[in-house]
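Descriptive analysis of the structure
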Amino acid sequence: MGFHVKAVMFDLDGTLVNTAPEIAYAANQMLSALNLPNKSPAQIARYIGEGVQMLVKRCVTNGTQVEPDEALLNDAQALFFEHYAQNVSTSQPYHGALETLNELKRTGFKLACVTNKPEKFTLPLLNATGLADFFELIVSGDTLPKKKPNPMQLHHICKKLGVLETESMLVGDSDTDVVAAHAAGCYIVTVPYGYNQGKAIDESMVDATIEHLPDLIHLLT
Ligand SMILES: O=C(O)COP(=O)(O)O
Ligand SMILES: [Mg+2]
């Protein structure tokens, strides 16, 4: 396919691990604590992708653009952190995730994880799912001042790994990933099964789409 790639960066939620159920569980515990009605896991899954603050805001405002009361939002954030910390890492990697990372690492690719999830949740999740050791670098949503769709995390990873952006690929599940990769100048490959706020990925905007992670092996080796 002509990808001259030395480094592969993986998005986490919706790409490597099916975290929507555990995120929805924590979000509903937060809503219950605030005496707000619970939401279906499918609805909450549509709020994933732009970090915890956006997820919480969408949960308390029913996904609308209205600004919630600041005190309510602060309480909601704290409650989400408290509840998610108690049950993070009950999720499973998607089919083929481990074998794909294993094979890409074995064949010499530099691997990194880039997520909008806060570090507090990223590291336990990667450890519990057995994914952490594949990555030379893990950059979370609060590791740097900006997160995806801003390209800062991707530039940071390329610099640390000693590769050019044009030699790097992001594998993701959402428009957030697509915009970040374009802004950084990296290749972008997407999976169709993750969380893209209920929309399909616009395939004209990506370098390739794969059905499942193991398809990457054929694309890159
Ligand atoms: O926490 C989120 O909003 C999404 O996380 P992701 O970047 O790993 O998909
Ligand atoms: Mg994602």
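Residues numbered from 1 in each chain as written. Chains lettered and ligands numbered in written order. Predicted model: local features only at pLDDT ≥ 70, side-chain atom pairs only at ≥ 80, totals over all residues.

**Looking at the UniProt feature "binding site: Mg(2+)" (unreviewed entry) in the protein chain**
Here, the residues flagged by UniProt with the feature "binding site: Mg(2+)" (unreviewed entry) are D11, D13 and D173. Considering the C-alpha atoms alone, the annotated residues occupy 163 residues of sequence yet fold into one spot, their largest mutual distance being 8.2 Å. D13 gets classed as buried once you count the C-beta atoms within 10 Å, which come to 27. Those residues in contact with D13 that lie beyond four places of it in its chain are T19, I48, T115, K117 and Y195. Tracing the sequence through the fold places D173 in the loop between β4 (168-172) and α8 (175-184). If sequence neighbours within four positions are ignored, D173 has contacts with D11, G14, T15, T190, V191, G194, Y195 and N196. (UniProt positions renumbered as here; feature names shortened; annotations may be inferred. Buried ≥ 20, exposed ≤ 12 C-beta atoms within 10 Å, placed from the backbone. Contact = placed C-beta atoms within 7 Å. Helix = DSSP H or I, 4+ residues; strand = E, 2+ residues; numbered from the N terminus.)

**Looking at the site of ligand 1**
In the vicinity of ligand 1, 14 residues are found, and the nearest of them are L12, D13, T115, N116 and K117. Along the lines of polarity and charge, the residues of the shell around ligand 1 split into three nonpolar, six polar and five charged. For the shell around ligand 1, the two domains that each supply at least three residues are domain 1 (7-18 + 91-220) and domain 2 (20-87). (Near = placed C-beta within 6 Å. Nonpolar A, V, L, I, M, F, W, Y, C, P; charged D, E, K, R; others polar. Domains from an automatic or database assignment.)

**Some points on the domain arrangement of the protein chain**
Domain assignment breaks the protein chain into domain 1 (7-18 + 91-220) and domain 2 (20-87). Considered class by class, the residues forming the side of domain 1 that touches domain 2 number three nonpolar, 10 polar and three charged.

**Considerations on the UniProt feature "active site" (unreviewed entry) in the protein chain**
Those places that UniProt annotates as "active site" (unreviewed entry) correspond, in this numbering, to D11. Inspection of the secondary structure assignment puts D11 in the loop between β1 (7-10) and α1 (20-33). For D11, the residues in contact, after removing those within four places along its chain, are V114, T115, L170, V171, G172, D173 and D177.

**Details of α8**
Of all the residues in α8, the buried ones are T176, D177, V178, A180, A181 and A184. Where α8 is buried, its residues contact α7 (152-161), β4 and β5 (187-190). Within two residues after α8, G185 carries a phi angle of roughly 90°, on the positive side.

**Considerations on the nonpolar core**
Formed by 61 residues in total, the largest nonpolar core has its most connected members in M9, A27, L154 and L170. Looking at this core, the element that brings in the most residues is α1, giving seven residues. Residues within four places of M9 in sequence aside, it is in contact with A112, V114, L154, I157, S168, M169 and L170. (Core = buried A, V, L, I, M, F, W, Y, C linked by C-beta atoms within 7 Å.)

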